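Report on the structure
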Amino acid sequence: MTTKRPPTVLEKMGLNSPMALALHLPSRYEDETELFTIEEALGLGRFHSIQTQGIVIRNQVTFRPRRQLLVTIEDNTASLQLRFLNFYPSQQKQMAVGSHIRVRGEIREGYQGAEIVHPTVRAVIPEAPLPASLTPVYPASAGISQTMIRKAVLKALQDASLKESLAEFLPSTLMGEILPKNDWPPLQDAITYLHQPPADANTQSLLERTHPAWRRVQFEELLAQQISLKRAHAIRRERRAPSFVKGQQVSKANKKNVSIEEGLIKILPFELTSAQARVWSEIGCDLSNTFPMNRLLQGDVGSGKTVIAALAAARAMDHGYQAAIMAPTEILAEQHYLKMQEWFGSLGVKIAWLSGSLKAKEKRLAQEMIESGEAQLIIGTHALIQDKVSFTKLGLAVIDEQHRFGVRQRLEIQQRVGSELFYCHQLMMSATPIPRTLAMTYYADLDVSVIDELPPGRKPIATKVVKATRRDEVIGGLHDWLVKGLQAYWVCPLIEESEVLQLQTAVESFEQLTQALPNFKVGLVHGRLKSEEKAAVMAAFKANEIQLLVATTVIEVGVDVPNAALMVIEHAERFGYAQIHQLRGRVGRGSADSVCILMYAEPLSMAAKERLQTLRETSDGFVIAERDLSLRGPGELLGAKQSGDAMLRFVDLQRDAWLIELAQKAAERLLAEHADLVERHLERWLGSRTEFLKA
Ligand code: ADP
Ligand code: MG
């Protein structure tokens, strides 16, 4: 009979097999391979972490200036004091007078001469041999010591099964070229080396993870990842999705026998830019396939992604299928709702609106419309997947600002399409450009379309960086601006610690501006307003009943008022790259020259200074995203963080970008020539993490 015992700390860390332990690689090393006499150690002086040993000749707890333990050791060359400000009785015992100890630490000059504060201490017999390899320091967690992890890893490395688990099974036809060219060791050697590097190992390259042993491991991991990307690609092509071929539609929107798509094109007050036309034809082509589209539409703020979503939705609806548009915030979803009503309303398209803030009854009505199939176009927030909505016939899901959604949420919508046989087409949209290396590695099989051109007539936005002490001047300029009949935004600072404080400053600015600009109507919109109230303010701003809109960052995405071409951002130093870029994208949409004023308060951190400078110099979303990426790392950019899973453990996509292509080619060859080995390789490197790749 087996009894259930609680998992050990190792097991909780996922270290439950020899292989898992073998792949738990050190984050750094300590050098215990060299031993100095105390005299030599003293001679080396400060900034050297040294190891020495001796016999304890004094062990004393003193209380001045505070409780501490003073231990003196001695060898036949000299003596050395050790000072412990925190200590356990067990340590006191370990260092009893007469015992031999080996200590490591940095020698410094104390009040009473040379000493080491808080050395690492180990009881040894005087002749104990020195380790031949560097001592690994492992990622650990609460409740487990380095000694315990080291023991467990050492045991794992000696486990008979490991030879099998780390066996070299990638064919020599493949690895035969790659390994010698890069000077990479066999896998098992690489792993052993990383756990137990010899005393003379190049510690710099080990720390930076550029050592050939690291490269070998990184390559294998990337190879697994590239294989699963390619597999996801193949799997998607085997799934079925409704095929929407232009001209073969079933529904006619009105009596004139015009399709919704044709109707929409007639209603649009503009022609598509050539970039829009190109991406629309790419998407149209995807939609005509019998397998589900999985495409990311990238385009800078204001490049006109919405109309592409509308065209795709129209095509799905023309074939008798539902289309859904999901956005991460209520304001943004509402903007879409209003826009779609404007475009599709007169074409007789039934639109349902679903958001978290609806009353229970309204929600039920919306859900009924969706489930009965009466609603052709469904627009909403996360509510579309959170609430128990099921579609009758969902043919297309558009996900705006996709990086704000988790991977799992995107998978979720495919399970609500109303058919087990079909998957819906997915179109994701983002203003945050994703560098190529990320697109190649993070997303399973994702096609990317880019709108690389802004609609005509857009004027570049002049960005100015102004000290907050010149606030009165800024308000003066704002007055002149409004006199010209133009509108403006005033964005209040983001105060992460406190929403109340944020609201308070917004209200203060609102009151100050209302007083300073008596001839104009000033509005206030913030996150605490009810959604009807927000909508009312936004509508009034859009209708130019409000000339100056004071806002917290609720306007971050999606708001579209071309006559508002000036934006003032207070405490711009508190915002990140992407936030300001998004905010700034609200202006520059009309024919007037647009201006964005970044007001900052001193003192500025170096990072903030650089950020504001970059933002002043460029409005190129790609440049800004690259800067942002180097600061924040890919997880945040892609929403991967939200899924709680990191895909790659050993690879850093920026540092190791060059490996990706190598792994990609190897993956192709492995799949083509040695398909039988693929499963084993995936299991070894990704285990349960492969699910992540399906998104
Ligand atoms: P984003 O890509 O940031 O979502 P939107 O779709 O909101 O941008 O478009 C921004 C503005 O540009 C909207 O007012 C939209 O109507 C307008 N627009 C889109 N395409 C064109 C075009 N081809 N010509 C002129 N204006 C356009
Ligand atoms: Mg948009």
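Above: the structure in question.
This write-up is about the structure you can find in this document. Being a predicted model, the structure only gives us computed values, none of them experimental.

Now for the site of ligand 1. Within the structure, ligand 1 sits among 18 residues, and Glu271, Gly302, Thr306, Arg458 and Asp560 are positioned closest to it. The separation between a nitrogen atom of ligand 1 and a polar main-chain atom of Thr273 is 3.5 Å. In this structure, an oxygen atom belonging to ligand 1 sits 2.6 Å away from a main-chain N or O atom of Gly302. Compared with its free state, where it exposes 570 Å², ligand 1 has 85% of that area covered by protein. Across the shell around ligand 1, the residue classes break down as five nonpolar, six polar and seven charged.

The step from Glu602 to Pro603 runs through a cis peptide bond, and the omega angle for that step is -5°. Examined against the element boundaries, Pro603 turns out to sit in the loop between strand S21 (594-600) and helix H23 (606-617). Positive phi values are uncommon outside glycine, yet His571 reaches one of about 50°. Note on placement: His571 falls in the loop between strand S20 (564-569) and helix H22 (577-584).

Once that is clear, we can look at the sheet that holds S20. Pairing is parallel across the open sheet formed by six strands, whose spatial order is S16-S21-S20-S17-S19-S18. Each edge of the open sheet carries a strand with a single partner, namely strand S16 (461-467) and strand S18 (522-525). The mean inter-strand angle of the sheet, taken between neighbouring strand axes irrespective of direction, is 20°. Relative to S20, strand S17 (residues 487-491) runs parallel, the two sharing five bridges. Paired with Gln487 across the strands is Ala564, a residue of S20. Helix-sheet contacts for helix H19 (residues 471-483) involve S16, S17, strand S19 (548-551), S20 and S21, and the interaxial angle to S17 is about 155°. The sheet contacts of H23 involve S16 and S21, and relative to S16 the element is tilted by about 150°.

The biggest cluster of nonpolar side chains holds 66 residues, and the ones touching the most others in it are Leu264, Ile283, Met340, Phe344, Leu377 and Leu396. With ten residues, the single largest contributor to this core is helix H13 (residues 306-318). The residues touching Ile283, leaving out its near neighbours within four places in the chain, are Met293, Arg295, Leu297, Ile308, Ala312 and Leu427. By size, the runner-up hydrophobic cluster in this structure holds 54 residues, among which are Leu134, Tyr138, Met175 and Leu653.

This next bit is on the pairing of S17. Burial analysis of S17 places five of its five residues in the buried class, which makes it a mostly covered element. Burial along S17 is two-sided: the residues Gln487, Tyr489 and Val491 and Ala488 and Trp490 are all buried. By the bridge criterion, four bridges tie S17 to S19 in an arrangement that is parallel. Note that in S19 the partner of Tyr489 across the bridge is Leu549.

Reading guide: rules and limits
- Residues numbered from 1 in each chain as written.
- Chains lettered and ligands numbered in written order.
- Predicted model: local features only at pLDDT ≥ 70, side-chain atom pairs only at ≥ 80, totals over all residues.
- Heavy atoms only, no water.
- Near = heavy atom within 4 Å.
- Polar contact = N/O pair within 3.5 Å; in protein donor to acceptor, adjacent residues only side chain to side chain.
- Areas by Shrake-Rupley, 256 points an atom, 1.4 Å probe, with all protein chains shown as cover.
- Nonpolar A, V, L, I, M, F, W, Y, C, P; charged D, E, K, R; others polar.
- Helix = DSSP H or I, 4+ residues; strand = E, 2+ residues; numbered from the N terminus.
- Pairing = 2+ DSSP bridges.
- Axes fitted to C-alpha atoms, helices over the stretch in contact; angles between N-to-C directions.
- Contact = heavy atoms within 4.5 Å.
- Core = buried A, V, L, I, M, F, W, Y, C linked by side-chain atoms within 4.5 Å.
- Buried < 20%, exposed > 50% of the residue type's maximum accessible area, 1.4 Å probe, protein only.

Keep in mind that these numbers describe shape and distance, not what the molecule does.
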